[in-house]
Amino acid sequence: MTQSEFLNVVMPFKDKLYRLSKRLLISAEEAEDATQEVLMKLWSKNSNIANYKNVEAFAMTMTKNFCLDRLKSKQSSNLKLVHSNYVDGNTSLQKQLEARDSVSWVEKIMEELPEQQKLVLQLRDVEEYDFKEIADLLEMQPTAVRVALSRARKTVRDKLMQKHSYGIG
């Protein structure tokens, strides 16, 4: 496989790899490093890449495993918390602050979720994968994916409601 063929295959889902890495590793710099590592590993397997049924699913699995390994390694103590929030220039400052606060709270709540729920929520609600793809990617039954997603959403919803009802908590 030539470099341009490889780029045509990999580039459409490169951003998904980054977002999954960022969700797991939190730090933008660490996520960029993880994405580059996975892309390098994919390039090293480029002669066999045509044999994979779904290269994107394979790459997402590689990314998930790489990030989880990073978190378990000694280097994870060096990971730092860095958040970047989307800012829409067409809204008032008050709405921007409220939106930033809500996004920040959702991110904090997601970080506290069990690993499996965090991954399912990221893949379904952020990356918009369907249940079968998530089940294959995480090696789970589709019903287990639905249960994990339901529990994750309920936890996020309950904690957000608690925050909005009782103020900063």
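Refer to the structure above for everything that follows.
Right, let's talk about the nonpolar core for a bit. Counting residues in hydrophobic clusters, the biggest one holds 40 residues, and the most contacted among them are Leu42, Val120 and Leu123. Elements supplying a minimum of two residues to this core: helix H1 (3–10), helix H2 (14–25), helix H3 (28–44), helix H4 (55–72), helix H5 (93–112), helix H6 (115–126), helix H7 (131–138) and helix H8 (142–166). Broken down by element, this core gets its largest block of residues, 7 residues, from H4. The contacts of leucine 42, once residues within four sequence positions are left out, are Phe6, Val10, Ile49, Phe58, Ala59 and Met62.

Another point: the packing of aromatic side chains. In this structure the tally under the stated criterion is 2 aromatic pairs. Between the aromatic rings of phenylalanine 6 and tryptophan 43, the centroid separation amounts to 5.0 Å while the plane-to-plane angle is 75°, which identifies the pairing as edge-to-face. Of this pair, phenylalanine 6 sits in helix H1 while tryptophan 43 sits in helix H3; the two residues are 37 residues apart in sequence, bridging distant segments of the chain. A relative accessible area of 6% means that phenylalanine 6 is categorised as buried. Both rings, one in tyrosine 52 and one in phenylalanine 58, keep their centres 4.1 Å apart while their planes meet at 15°; by these two values the pair is stacked. Tyrosine 52 sits in the partly exposed class, given a relative accessible area of 30%. Of note, lysine 16 hangs over the ring of tyrosine 129, and the distance from its end group to the ring centre comes to 4.8 Å. Sitting over the face of the ring of phenylalanine 131, arginine 146 holds its NZ or CZ atom 3.9 Å from the ring centroid.

Turning to the pattern of salt bridges, a few remarks are in order. Side-chain pairs of opposite charge can arise where the charged atoms are in close proximity. A full pass over the atoms with the stated rule returns 10 salt bridges. Across the pair lysine 16 and glutamate 56 runs a salt bridge whose closest N-O atoms are separated by 3.1 Å. With lysine 16 in helix H2 and glutamate 56 in helix H4, the pair connects residues that are 40 residues apart, well separated along the chain. With a closest N to O distance of 3.7 Å, arginine 23 and glutamate 111 form a salt bridge. Of this pair, arginine 23 sits in helix H2 while glutamate 111 sits in helix H5, and the two are 88 residues apart along the sequence. What makes arginine 23 buried here is its relative accessible area of 14%. Here the salt bridges do not stand alone but share partners, grouping Arg23, Glu111, Glu115 and Lys118 into one network.

Rules of the game
- Residues numbered from 1 in each chain as written.
- Predicted model: local features only at pLDDT ≥ 70, side-chain atom pairs only at ≥ 80, totals over all residues.
- Heavy atoms only, no water.
- Core = buried A, V, L, I, M, F, W, Y, C linked by side-chain atoms within 4.5 Å.
- Buried < 20%, exposed > 50% of the residue type's maximum accessible area, 1.4 Å probe, protein only.
- Helix = DSSP H or I, 4+ residues; strand = E, 2+ residues; numbered from the N terminus.
- Contact = heavy atoms within 4.5 Å.
- Phe/Tyr/Trp six-rings, centres within 6.5 Å; stacked < 30°, edge-to-face > 60°.
- Lys NZ or Arg CZ within 6 Å of the ring centre and 35° of its normal.
- Salt bridge = Lys/Arg side-chain N within 4 Å of Asp/Glu carboxyl O.

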